[in-house]
Amino acid sequence: MITVFGSINMDLIATTERLPKPGETVAGNGFATAAGGKGANQALAARRAGRYVHMAGAVGKDGFAADALALLDEAGTDLSLVKHVDDPTGTALILVGGDGENMIAVVPGANGLVTPADAEIAVGGMNEGDMLMLQLEVPVAAVERALSAARAKGITSILNLAPLIPDAPRLGRLADIVIANETEFERLAGQDGMDAQAREAALVLLHQETGQTLIVTLGGDGVIAIRDGVISRAQGLAIDPVDTVGAGDTFCGYFAASLDDGVDFPTALRRAAVAGSLACLKSGAQPSIPSSEEVADRL
């Protein structure tokens, strides 16, 4: 079983021919809303990958709450650990340029009221061998408590170091598996501007120091990882991305689901990389997360 402890948002998405420079206004050519939040995205991806998933987090009592949970509910995600609070449901304001790149501003809202007590409740219902997946869009104290509680119970924890916050390197040391992009890994390793050779060396050194499974996503260059002293690489699909929103979350959800399903580590990486690639082929956030059948067809 997978429990995702993290954020639940409504995404407000505008598309433009190109992303604006600081202080610049550009004309938009489209607008949409979609359920989002890194936690909810990853939970939906794991559920669409075919695994049983609990979502733990918070939404408001406003008009966005039901919409923010709708896709998770439709997919059959267990929402009994989602609390409803007086603060507004979290929102993400997203601009997507014509090349598929994006800019995002996140307003935490209800996500900011997720507490260490909520972490204890979420982990308390889990068993040894279950998987806990976390990100950094809810308060640090809650994430830290969840990671500590998981370790005490023999639960495998997966921490996605996004968004990159000052506490990310410290929290990263508490997880069994860490997933980071290039920038996030540089912060974790304490080095800036690494090339491929330096990145691999840092990956090995950090793994030797912590014993953790470390995964670095590299966009179009695939993924590099180390587990039990062995380096693995995987490639996604050769694509022209339409929208990269949600691609990283899709990777995380499919990776966790694959491990939960007993898939070997290299195959889990490949499956997750393909799923992340497919998520870039459609505009939107959560609706772009592919089904397990779509991923299987491209493996």
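Residues numbered from 1 in each chain as written. Predicted model: local features only at pLDDT ≥ 70, side-chain atom pairs only at ≥ 80, totals over all residues. Heavy atoms only, no water.

Take the packing of aromatic side chains next. According to the stated counting rule, one finds two aromatic pairs in the structure shown. Ring geometry for Phe251 and Phe255: centres 6.4 Å apart, planes at 0 degrees, overall stacked. You can see Phe251 and its partner Phe255 sitting in helix 8 (residues 247-260), four residues apart, about one turn around the helix. Both residues of the pair, Phe251 and Phe255, count as buried. Considering the side-chain rings of Phe255 and Phe265, the 5.9 Å spacing of their centres and the 85 degrees angle between planes classify their relative orientation as edge-to-face. Within this pair, whereas Phe255 is found in helix 8, its partner Phe265 is found in helix 9 (residues 265-279), the two being separated by 10 residues in sequence. Site record: aromatic cluster; members linked through ring pairs are Phe251, Phe255 and Phe265. (Phe/Tyr/Trp six-rings, centres within 6.5 Å; stacked < 30°, edge-to-face > 60°. Helix = DSSP H or I, 4+ residues; strand = E, 2+ residues; numbered from the N terminus. Buried < 20%, exposed > 50% of the residue type's maximum accessible area, 1.4 Å probe, protein only.)

Omega for the bond connecting Ala162 with Pro163 falls within 30 degrees of zero, at -10 degrees, which places this linkage in the cis form. With respect to the secondary-structure elements, Pro163 resides in the loop between strand 9 (156-160) and helix 5 (168-172). The backbone of Asp228 sits at a positive phi, close to 55 degrees, despite the residue not being glycine.

Sheet strands line up and pair through hydrogen bonds in the backbone, either parallel or antiparallel. Spatially, nine strands are ordered 5-4-1-8-9-10-11-12-13 in an open sheet, and the strand pairing comes out mixed. Two strands lie at the open edges of the sheet, namely strand 5 (78-84) and strand 13 (230-234), each paired on one side alone. Direction aside, neighbouring strands of the sheet carry axes that sit 15 degrees apart on average. Note: strand 9 against strand 10 (residues 177-181), three bridges, orientation parallel. Within strand 10, the residue paired with Asn160 across the bridge is Ile179. Across the sheet, helix 2 (residues 63-74) touches strand 4 (53-59) and strand 5, and the angle it forms with strand 5 is around 165 degrees. Relative to the sheet, helix 6 (residues 182-189) contacts strand 9, strand 10 and strand 11 (213-217), its axis offset from that of strand 10 by approximately 120 degrees. (Pairing = 2+ DSSP bridges. Axes fitted to C-alpha atoms, helices over the stretch in contact; angles between N-to-C directions. Contact = heavy atoms within 4.5 Å.)

Counting residues in each nonpolar core, the largest one holds 45 residues, and the members touching the most others are Ile215, Phe251, Phe255 and Leu269. Broken down by element, the residue count for this core peaks at eight residues, all from helix 9. Not counting residues up to four positions away in its chain, the partners in contact with Phe255 are Ile158, Ile177, Ile179, Ile215, Phe265, Ala268, Leu269 and Ala272. The next biggest cluster of nonpolar side chains, apart from the first, holds 40 residues, and it includes Val114, Val143, Leu161 and Leu206. (Core = buried A, V, L, I, M, F, W, Y, C linked by side-chain atoms within 4.5 Å.)

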